[in-house]
Amino acid sequence: MKPPRIALGSFMLESNGHSPVATREEFEGSCWLEGAALQADLAKPAPRASAGLSGFMRAMEAGRPWEPVFTIAATAGASGPIDQAVFDDICARLVAALRAAMPLDGVFLALHGAATATVDRDPDGTLLRMVREVVGPDVPVLATLDLHCNVSWEMVKQADMLCGFITNPHVDQAERGAECAGVMRWMLGGGRPRMALGKLPFIPPATSQNTAGGPYADAIAYGQRFLDHEVLNVSVVSGFSLGDTPKNGLSVMVTTRTDAARAQAVASDIAAWIWSTRAKWVTNLTSLEDATRMALEAGRDAQKPSLLFADVADNPGGGGRGNTAFILESFVKAGVEGAVFGIHNDPALAAEAHAKGLGARFLARFNRDETNVFSKPFEAEAVVEALTDGEVVGRRGIYRGRSVSLGLTALLRIGGVRVAVVTQRRQLAEPRMVESLGVDLRAVRSLVVKSRGHFRAGFDDIWSPDRIIEVDVPGLTTVVLSRVPWREVPRPIYPLDPELEWTPPAPEAVPVRGG
């Protein structure tokens, strides 16, 4: 008997409906690999491609022989809607690779699940449909999803199982890939799962979605209680509120081995339980004035604990530009000492610092080429303290063991504040992004990160939750949902419509694949 041939691929983009269009250059700057190049990348100790692919492959290789077929992995940091022509090209390349490889015994995809395109409002559903059209109804199609995905009915209809991450920060990507490998093996032996979807009219604020504790941790734990020999997977995915699409809303996906009714009933039960907890999903921000005062005190008194300040409204991991200067300007003007800012996305400033060289003193003009309304210019005298090519291998959190490119990178000193300036837009979720510049994080009095939550897994060995301050400033990724200029989110929806009353649809009304 020939070993099963399983196609592998990935498309990962989280689209903020109010951010600039995601271009091909953004994907190429992060991860665009095809065929042999994807195979070679995944064979490296520190690949660029999704950890979900690595986890799936390791689990498959632990079993009986199989043959991987490498298609395409296209990943970009969170941005706006993908340019339609770029998405069409990705789909065409994936479809061509699948057709050339037929017959196939299975397909595994590492998806994000929250993409939109400039025309297509559900690219993930479209991509899954195209895969299904190539391989046919009987070939297993499995996918991992980010827990910030916005699930559509089309996605559920076309896949045999959609497996969401259960940690935020997402440190379980490889484990979820391995989980899909186990289901793939079972399906290759004749198993045919049933999947149900429960969707709530609820968009929780991003800062209420950590899974170490709080309402989201409780929701995931409640769902995991249903796992048994019949229930294969329960995925409670909070969604990406700022996607601002018709498929917005927290979703519950339940996959069973044989019992469609059980999948429906469990999805309905979990959805109802989460709805009953909706008032607990709140955000708690600190004003810029109070944050500045706290940083001043930390810098002046070494006996006080150091602090981490999160600029959650300018999170590149949610489509932020990663370069607003509200906190930076306030700290500099106040005379804060011992602070490090990371990482500020400004290709022109990074290039200028490299051109001037180490030790150069110059007028640093932040955001000179930026057009976004939140990315206002800021100028200050600066000294170039360190320069790198921006190539790092992560050691903690979501980037552990993965290669990440920041492009030309510079560390600038402005009085008592140091700023890491990069060329490729990323969130600061990995210590080596600043350690590579010579920064000793344990000596820092205040660290300011442009990140909403993934930094927690990168820096939790230094900053415990009680020393993390989420700052209330403007930005494209604000967690104050009343400030978002909504266009396409379905209404009514909680908490935008706080008086909304809702009960889950009757179980038989929930669409099920394989039933």
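Notes on the structure in this doc start here. No experiment lies behind these values; they were computed from the predicted model shown. (Residues numbered from 1 in each chain as written. Predicted model: local features only at pLDDT ≥ 70, side-chain atom pairs only at ≥ 80, totals over all residues. Heavy atoms only, no water.)

Examining the sheet that holds strand β1 (residues 5-12)
Strand order in the open sheet formed by six strands is β2-β3-β1-β4-β5-β6, with mixed pairing between adjacent strands. Each having just a single partner strand, β2 (31-34) and β6 (161-164) make up the two edges of the open sheet. Across the sheet, the mean angle from the axis of one strand to that of its neighbour is 20°, orientation sign disregarded. Here β1 pairs with strand β3 (residues 67-75) via seven bridges, running parallel. (Pairing = 2+ DSSP bridges. Helix = DSSP H or I, 4+ residues; strand = E, 2+ residues; numbered from the N terminus. Axes fitted to C-alpha atoms, helices over the stretch in contact; angles between N-to-C directions.)

Details of the nonpolar core
Counting 71 residues, the largest nonpolar core has Phe-11, Phe-27, Ile-82, Leu-162, Ile-270 and Ile-274 as its most contacted members. The element best represented in this core is helix α4 (residues 84-101), accounting for eight residues. If we ignore the near neighbours within four places in the chain, the residues touching Phe-11 are Phe-27, Ala-74, Ile-82, Phe-87, Ile-90, Ala-110, Leu-111, His-112, Ala-115, Pro-123, Asp-124 and Leu-127. Formed by 35 residues, the second largest nonpolar core is a distinct cluster that contains Phe-331, Val-336, Val-384 and Val-473. (Core = buried A, V, L, I, M, F, W, Y, C linked by side-chain atoms within 4.5 Å. Buried < 20%, exposed > 50% of the residue type's maximum accessible area, 1.4 Å probe, protein only. Contact = heavy atoms within 4.5 Å.)

Examining empty space enclosed by the protein
Tallied over the entire structure, the rule returns three cavities of 30 Å³ or more. Gly-77, Ile-398, Tyr-399, Gln-427 and His-454 are, among the 50 residues lining the largest cavity, the residues nearest its centre. Elements represented by at least two residues in the lining of the largest cavity include exactly α1 (24-30) and β16 (403-405). The dominant element in the lining of the largest cavity, judged by the number of residues it contributes, is β16, at three residues. Here the residues of the lining of the largest cavity sort into 21 nonpolar, 22 polar and seven charged. Taken as a whole, the second largest cavity spans an internal volume of roughly 90 Å³. Asp-311, Thr-324, Ile-327, Leu-328, Phe-341, Gly-342, Ile-343, His-344, Val-419, Val-448, Val-449 and Lys-450 together form the lining of the second largest cavity. For the lining of the second largest cavity, the elements supplying multiple residues, two or more each, are α11 (326-334), β12 (339-345) and β19 (446-449). Class assignment of the residues belonging to the lining of the second largest cavity gives a composition of seven nonpolar, three polar and two charged. (1 Å grid on protein atoms, 1.4 Å probe; cavity = no way out; pocket = protein on both sides within 12 Å on 5 of 7 lines; lining within 4 Å. Points joined across faces, edges and corners; volume = space filled by probe spheres on them. Nonpolar A, V, L, I, M, F, W, Y, C, P; charged D, E, K, R; others polar.)

Some words on the packing of helix α8 (residues 215-224) against helix α9 (residues 260-276)
The contact between α8 and α9 brings their axes to 10 Å, and the two run at 155°. The orientation of α8 relative to α9 falls into the category roughly antiparallel. Crossing angle aside, the handedness with which α8 passes α9 is right-handed. Residues Asp-218, Ala-219, Tyr-222 and Gly-223 of α8 lie in contact with α9, whose contacting residues are Asp-269, Ile-270, Trp-273 and Ile-274. Its residues assigned to classes, the contact of α8 with α9 shows five nonpolar, one polar and two charged. (Parallel < 35°, antiparallel > 145°, perpendicular 65-115°, else oblique. Left-handed = near helix turned anticlockwise from the far one by under 90°.)

Overview of the packing of α4 against helix α5 (residues 123-135)
Running from N to C, α4 and α5 point in directions that differ by 20°, and their axes come no closer than 10 Å. Judged by the angle between their axes, α4 and α5 are roughly parallel. Like other packed secondary-structure pairs, α4 and α5 cross with a definite hand, here right-handed. Taken together, the residues of α5 that come into contact with α4 (itself represented by Phe-87, Cys-91, Leu-94, Val-95, Leu-98 and Arg-99) are Pro-123, Thr-126, Leu-127, Met-130, Val-131 and Val-134.

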